[in-house]
Amino acid sequence: MDIKALIGQMTLEEKAGLCSGSDFWHTKAIERLGIPAVMVSDGPHGLRKQDDTGDHLGINDSIRAVCFPAACATAASFDRDLIREIGEAIGDSCQHEKLAVVLGPAVNIKRSPLCGRNFEYFSEDPYLAGQAAAAYIQGVQSRDVGTSIKHFAANNQEHRRMSSSSDVDERTLREIYLAPFETAVKEAKPWTVMCSYNRLNGVYASEHPWLLTEVLRDEWGFDGFVMSDWGAVSDRVKGVQAGLELEMPASGGVNDRKIVAAVRAGELDEKVLDRACERILNIVYRYLETARPDTPWDMEAQHRLSVSAAADSMVLLKNESGVLPLRHGASVAFIGEFARRPRFQGGGSSHIHSFKTVSAMEAADEGVTYAQGYRVDGDADDNALLQEAVALAAKVETAVIFAGLPDSFESEGYDRTHMRMPDNQVRLIEAVAAANPRTVVVLHNGAPVEMPWIDRVPAVLEAYLGGQGVGEAAVRVLYGDVNPSGHLAESFPIKLSDNPSYLYFGGEGNRTEYREGVFVGYRYYDKKEMPVLFPFGHGLSYTTFACSDLRLSSDAITDQEPLTVTVTVTNTGTRAGKAVPQLYVGSPRDSRFIRPVRELKGYEKVTLAPGESKEVTFTLDSRAFALWHSGLHGWFVETGEYTIAVGQSSRALEVSRPVRVTGTVAERQHYDMDSIFMDIMADPVAREKIAPYMKARTGNAIETDRSEAAKDAISDEMNAAMFNYMPLRAALSFGDGSQEELERLEALIRDLNAP
Ligand code: BGC
């Protein structure tokens with residue numbers, strides 16, 4: 001298809017029209033030129049395809065589809081292959097349903113446990129979120145349909161989501177909030193990007209030239225088109241200029257007319273509009289040329305995949321005295337309404353009309369008894385339900401409570417205001433645990449909850465919002481038919497106020513400042529040496545694993561060379577299982593920068609038979625050691641001794657080794673009269689240059705060869721410290737203040753700044 005030629009035939013009105021949707025889910029067709037419309041659909045963990053009467057709030061039902069585990073769950077699998085496989089299945093379904101693009105993955109960082117959409121997002125960690133997103137995109141796009149990675153960028157709360165400005169400093173943006181997008185764009189090349197509703201540092205994402213063009217295209221090489229989140233456009237003309245190609249849904253033509261008027265008035269170069277059309281049509285035809293509507297959609301097979309994905313994503317948080325796994329045939333009661341009606345997905349635009357669901361009770365062995373225990377919708381005291389559950393629990397060997405958060409607690413569109421579970425569920429857990437010491441809690445929730453009852457129960461299984469097969473998956477894991485292997489993709493703080501964003505989350509009016517900076521999640525808890533309920537990366541198994549024999553390809557590298565890290569992982573227990581060795585890079589202890597203690601830079605998922613060992617290899621490039629240097633506006637590796645540590649959680653590091661990394665990017669400093677000696681002496685080039693000057697000077701405050709009497713008055717250390725912090729101009733203040741001295745200093749500064 002000669003797209004440029006096609007655009008050459010389009011009228012100005014047709015071009016402007018192409019840059020917004022025709023309805024909720026379609027691009028515009030231009031029949032005169034034979035350009036067809038294509039359809040997009042939510043996403044991300046299954047298809048929410050609506051017919052033409054669709055509305056994005058889901059009031060009209062969508063087609064029946066398969067609801068896979070939400071991102072909060074799949075991220076915890078720490079399994080790229082699994083997420084890719086889900087992507088492939090969704091890609092097949094898109095082909096079957098004639099969808100060009102699925103609206104996902106959603107990769108915003110979990111800044112606070114409160115964000116209403118955390119269930120749709122992967123992680124508090126940018127590396128993990130980026131890897132998961134890339135795997136999803138690769139999976140879907142391997143089927144020749146597109147993805148729309150969203151919501152770009154810094155959309156980390158629902159509160160005032162369409163007007164609030166996320167005010168984030170440059171380094172924090174680069175290291176935390178943009179990083180997952182960067183990885184996914186570079187590694188997996190999504191066909192489209194969806195910009196977010198919010199403003200970023202005062203400018204709407206939908207009209208942010210730095211975000212949509214400089215960073216996304218010029219730096220990262222994005223070559224698809226950017227679409228707006230539904231209704232995210234404020235100033236359409238600014239948007240076109242900034243790099244927002246497609247406005248969604250339709251704007252009723254009002255914004256199209258504004259584009260036409262801007263071109264006519266000479267405010268918008270028609271070439272910019274042509275380019276937007278070209279980018280949209282490239283994707284339209286990319287889909288059409290490989291469309292395969294005869295692709296079968298085997299929902300039963302996908303259901304089986306959703307069950308195994310859910311099982312492999314569950315995180316065994318606690319398991320004392322071998323309460324789990326349950327024995328088939330043992331006397332067991334399932335308690336809680338979620339055992340009959342699991343909560344398996346969140347509310348809002350990602351809501352899937354599942355073709356079937358399997359509850360834990362439906363999947364349970366014969367003989368497993370049930371009590372409702374609580375009402376999901378009511379927090380009112382229901383003593384009868386509670387007493388009935390307690391009586392049942394007292395009679396069985398093991399009581400399993402299915403608890404978590406009701407739909408109304410977390411959803412797209414608003415944030416939680418606290419981190420508690422409903423009181424009636426907390427009361428139930430406490431009462432059942434008092435009646436039966438072998439009480440297990442299974443949790444269905446999209447984000448962390450406080451667990452004031454944690455010490456009263458021996459076992460907790462975090463099932464998250466595990467998709468339509470979550471009940472079946474939970475039973476498999478509870479009975480050990482699947483050995484749990486999920487690990488937390490987020491920290492569980494003990495209480496909400498421990499969270500680093502606590503003081504600022506939600507912001508004031510339309511302004512939310514990200515004042516905790518790069519210290520998000522475990523980056524904060526570790527730096528503060530704080531206890532947490534469960535740390536990032538934590539997850540137990542019915543077997544045990546050990547990491548040993550950590551080897552590095554070299555003890556010293558430059559930031560131009562890769563570092564290969566090898567570790568042996570052994571199944572030291574008696575059951576087959578999957579281990580998740582996690583690699584963290586620790587920053588130099590004497591770093592000049594304010595940095596997290598350690599950051600995740602690698603992970604693998606390894607299947608091991610009892611007694612079996614495997615070697616796992618990680619390759620680290622300079623980014624594993626780099627920070628974003630706000631002075632250089634670039635990635636920068638500080639020279640120093642870093643620590644490579646591997647273990648099974650961020651707080652269970654088993655093996656570690658130092659590596660010396662030499663940075664090769666010079667930190668070009670600018671010197672002036674206010675530059676202090678310490679900084680000059682720390683810069684090897686400047687240090688050489690200042691030496692002759694220092695030598696030429698005698699008998700003044702910066703002289704290092706001091707008399708005994710002087711040393712008595714001020715120790716060498718004190719003198720050095722004072723000297724360290726002296727600016728160059730001190731040579732005038734404390735010296736003779738002569739014209740010659742001034743000229744000597746000025747010459748020195750010129751020399752220091754010379755290339
Ligand atoms: C959501 C997007 C979604 C879109 C279309 C918006 O409200 O933020 O994630 O893709 O609606 O339903």
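Values in this document were obtained by computation on a predicted structure and should not be read as measured data.

Cut-offs and rules
Residues numbered from 1 in each chain as written. Predicted model: local features only at pLDDT ≥ 70, side-chain atom pairs only at ≥ 80, totals over all residues. Heavy atoms only, no water. Helix = DSSP H or I, 4+ residues; strand = E, 2+ residues; numbered from the N terminus. Rg over C-alpha atoms; globule rule 2.2 N^0.38 Å. Buried < 20%, exposed > 50% of the residue type's maximum accessible area, 1.4 Å probe, protein only. Areas by Shrake-Rupley, 256 points an atom, 1.4 Å probe, with all protein chains shown as cover. Lys, Arg positive; Asp, Glu negative; His and termini not counted. Charge placed at Lys NZ, Arg CZ, Asp CG, Glu CD. Domains from an automatic or database assignment. Contact = heavy atoms within 4.5 Å. Buried area = accessible area lost by both parts, 1.4 Å probe. Salt bridge = Lys/Arg side-chain N within 4 Å of Asp/Glu carboxyl O. Polar contact = N/O pair within 3.5 Å; in protein donor to acceptor, adjacent residues only side chain to side chain. Nonpolar A, V, L, I, M, F, W, Y, C, P; charged D, E, K, R; others polar. Near = heavy atom within 4 Å. 1 Å grid on protein atoms, 1.4 Å probe; cavity = no way out; pocket = protein on both sides within 12 Å on 5 of 7 lines; lining within 4 Å. Points joined across faces, edges and corners; volume = space filled by probe spheres on them.

Enquirer: Would you mind going over the overall build of the protein chain with me for this structure?
Expert: What the protein chain contains, in helices and strands, is 24 helices and 29 strands. Against the 2.2 N^0.38 benchmark of 27 Å for 755 residues, the protein chain shows a C-alpha radius of gyration of 29 Å, consistent with a compact globule. On the principal axes, the C-alpha backbone points of the protein chain span a range of 95 × 75 × 50 Å. For the protein chain, buried positions account for 61% of its 755 residues. Put simply, the protein chain shows about 28900 Å² of open surface, and 49% of that area lies on carbon and sulfur atoms. The averaged location of the 107 negative side-chain charges in the protein chain is 1 Å from the averaged location of its 78 positive side-chain charges.

Enquirer: I tried to follow the domain arrangement of the protein chain on my own but got confused; where do I start?
Expert: One widely used convention gives an interface's size as the accessible area the parts lose upon coming together. Structurally, the protein chain comprises domain 1 (3–288), domain 2 (299–528), domain 3 (545–662) and domain 4 (677–753). Using only C-alpha atoms to locate each centre, domain 1 and domain 3 end up separated by 33 Å. The interface is formed by 14 residues belonging to domain 1 together with 17 residues belonging to domain 3. Here domain 1 meets domain 3 over a buried area of about 1500 Å², counting both sides, of which 51% is carbon and sulfur. Counting across the interface, domain 1 meets domain 3 through two salt bridges. Seen at the junction of domain 1 and domain 3, the total is eight residue pairs in polar contact (both at pLDDT 80 or more). A breakdown of the residues in the side of domain 1 that touches domain 3 according to their chemical character gives four nonpolar, two polar and eight charged.

Enquirer: When you look at the site of the ligand in this model, what are you seeing that I'm missing?
Expert: Close contacts around the ligand come from 15 residues, with Asp42, Arg117, His151, Tyr197 and Asp229 the closest. In this structure, an oxygen atom belonging to the ligand sits 2.8 Å away from a side-chain N or O atom of His151. For the ligand, an oxygen atom lies 3.5 Å from a polar atom in the side chain of Arg161. Summarising the interface, the protein chains cover 100% of the accessible area of the ligand, which totals 310 Å² for the free molecule. Residues of the shell around the ligand, tallied by class, amount to five nonpolar, three polar and seven charged.

Enquirer: Looking at this structure, I do not really get empty space enclosed by the protein. What am I missing?
Expert: Empty space among the atoms can be located by rolling a probe the size of a water molecule over them. Under the definition given, this model contains nine cavities of 30 Å³ or more. Elements represented by at least two residues in the lining of the largest cavity include exactly α3 (71–76) and α4 (80–96). The class makeup of the residues in the lining of the largest cavity is 10 nonpolar, two polar and one charged.

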